[in-house]
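Understanding the architecture of this molecule
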Amino acid sequence: MLPVKSVASKILFCVSLPLLTALAVSLFQWGLYLIPATRAQVPGIIWLLPFAGAGLGVLLTKLPADTDISLSGLTDGLADKCLRLSGWSIPWIIFSSWVTHLFGGSAGREGVGIIIGTALASTLPSKSFASRAQVLGMGVAAGLAAVFLTPFAGVVLALEWGNRELRRPGAVALLILSAGVSFAVANHLAPEHQKLAVVVNWQPQTILPWALALVAVVLATLLYGALYEVVKNQTRRFLPEAWQRLSFGGALVAVVLTFAGTQYAGLGLPLLHAAFIGEVSLADFLNKTIVTALTLGAGFKGGEVTPLFILGAMLAQTLCLALLAEASTLAAALGMMGLVGVVTRAPFTAVVMSAEFFGWEVAVFLAPLLALAQKTVEFTRSRLRRRRKGQGPW
């Protein structure tokens, strides 16, 4: 029989972790909600992004070493249970992401929620839990559930990214509890989310927008991935200090936004709505891709899921308009969720999230698309690597 003190400690942790995560994420979301109007009222604010980036880089050197982490570092830490984040991670990720969005960087928000959840899991007393993997997984589930109001996707992401220990029935139950509490709190506190309607016709011709969405996901994954890696690798090669990379990347973003337009700054949610009603072009997709790759490749904070939503939806819809001469909300939804599933290597999360966003009909179409897209991307990248090494295309 478990000691009463141990049981009480577990109950307190299971309630306080998702509650505090939802409160912090809701605060962050309200800041994001107010930022576009603030940015629009200050002409030329995008030209302050290089200076803001330099300031963030300098500030980071004054904080503890375990304050900052990338999403790739976070996923690696979750898998081997070695992840530890400072309590400073929470104000840092919120503030640095607000700065990114305010001054025109193109970034997302899921990274903020997941880091808040895992940072709280790292800092709140959790000695009553024998498994550290379980504690960190609860933070991931709570974080994603609070950001997108998708509790089931939060649970699945923790299972996909986390250690195998999370697959035990007791651990899954705690993930569901954490995601559920976080969702319930954030659903009442966070700003209202944009609703997107999808029309699914169970007819043979539906294969055409499905196929175009598949092509869009593959092409967008290859293009965005290549641009992001080039920016990330080259800036780290020539600019060793974080403040240098952020300043240089911020300057490039400001230049692109000056010529292309500030509609590609920040989250860019109006672009997502435009994609679903067919009011986008190839130029919109390319501009948003470039701005996002420059922002995140240089090291600005926020996340990449929301920009990926937009990129996938825009390219899929652009192909439909060009080749079918009509818009397809199904293609936009499949491009939106498909690109996220492939780039983040979380296909099951993408399928479940699509069901929570649009219904299970879309998820049924998405599952085979993700499988084919992932295999196609892996095959193409392997052939390109062989070609670069002089081993021939096959």
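Residues numbered from 1 in each chain as written. Predicted model: local features only at pLDDT ≥ 70, side-chain atom pairs only at ≥ 80, totals over all residues. Heavy atoms only, no water.

1. Observations regarding the overall build of the chain
- Across its full length, the chain carries 16 helices and 0 strands.
- In terms of overall size, the chain behaves like a compact globule, its C-alpha atoms giving a radius of gyration of 21 Å where 394 residues would be expected to give roughly 21 Å.
- For the chain, the spread of C-alpha atoms along the three principal axes comes to 65 × 50 × 50 Å.
- Per-residue burial over the chain gives 56% buried out of 394 residues.
- Of the contacts made within the chain by residues no fewer than 6 positions apart, 80% connect residues no fewer than 24 positions apart.
- Of the accessible surface of the chain, which amounts to about 17500 Å², a share of 67% is contributed by carbon and sulfur atoms.
- For the chain, the centre of its 28 positive side-chain charges and the centre of its 17 negative side-chain charges are spaced 10 Å apart. (Helix = DSSP H or I, 4+ residues; strand = E, 2+ residues; numbered from the N terminus. Rg over C-alpha atoms; globule rule 2.2 N^0.38 Å. Buried < 20%, exposed > 50% of the residue type's maximum accessible area, 1.4 Å probe, protein only. Contact = heavy atoms within 4.5 Å. Areas by Shrake-Rupley, 256 points an atom, 1.4 Å probe, with all protein chains shown as cover. Lys, Arg positive; Asp, Glu negative; His and termini not counted. Charge placed at Lys NZ, Arg CZ, Asp CG, Glu CD.)

2. As for empty space enclosed by the protein
- In total, this model carries 1 cavity of 30 Å³ or more according to the counting rule given.
- For the largest cavity, the calculated volume is near 30 Å³.
- Considering each element in turn, the lining of the largest cavity owes the most residues, 4 residues, to helix α6 (residues 132-148).
- Considering only residue class, the lining of the largest cavity consists of 6 nonpolar, 3 polar and no charged. (1 Å grid on protein atoms, 1.4 Å probe; cavity = no way out; pocket = protein on both sides within 12 Å on 5 of 7 lines; lining within 4 Å. Points joined across faces, edges and corners; volume = space filled by probe spheres on them. Nonpolar A, V, L, I, M, F, W, Y, C, P; charged D, E, K, R; others polar.)

3. A look at the packing of aromatic side chains
- Across all of its chains, the model carries 9 aromatic pairs by this definition.
- Between the aromatic rings of F309 and F357, the centroid separation amounts to 6.0 Å while the plane-to-plane angle is 75°, which identifies the pairing as edge-to-face. Separated by 48 residues along the polypeptide, F309 in helix α13 (residues 305-323) and F357 in helix α15 (residues 347-358) bring together distant segments of the chain.
- What makes F309 buried here is its relative accessible area of 3%.
- Since its relative accessible area comes to 28%, F357 is described here as partly exposed. (Phe/Tyr/Trp six-rings, centres within 6.5 Å; stacked < 30°, edge-to-face > 60°.)

4. Regarding the pattern of salt bridges
- Going through the model one piece at a time under the given rule, you end up with 1 salt bridge.
- Note that D68 and K301 form a salt bridge whose closest N and O atoms lie 2.9 Å from each other. With a gap of 233 residues between them, D68 in the loop between α2 (49-61) and α3 (71-80) and K301 in the loop between α12 (282-298) and α13 connect regions that are remote in the sequence. (Salt bridge = Lys/Arg side-chain N within 4 Å of Asp/Glu carboxyl O.)

5. Observations regarding the layout of surface pockets
- Within this model, the second largest pocket holds a volume of roughly 1000 Å³.
- Along the walls of the second largest pocket sit 41 residues, with R109, E192, Q194, L267 and L269 positioned nearest its centre.
- Those elements giving two or more residues to the lining of the second largest pocket turn out to be α1 (4-40), α8 (169-189), α11 (269-276), α13 and α15.
- Here the lining of the second largest pocket is composed, by residue class, of 24 nonpolar, 12 polar and 5 charged.

6. Focus on unusual backbone geometry
- Its identity as a non-glycine residue notwithstanding, A325 has a phi of 60°, on the positive side.
- Mapped onto the fold, A325 is located in the loop between α13 and α14 (329-343).
- We classify A325 as exposed; its relative accessible area is 69%.
- The backbone of R345 sits at a positive phi, close to 55°, despite the residue not being glycine.
- Judged by relative accessible area, R345 falls into the exposed class, the value being 54%.

7. A closer look at the side chain of R39
- In this fold, R39 is placed in helix α1.
- At 14 Å, D284 is the nearest oppositely charged side chain to R39, a buried residue that forms no salt bridge.
- Not counting chain neighbours up to four residues away, the residues in contact with R39 comprise I45, H101, L102, G104, A265 and G266.

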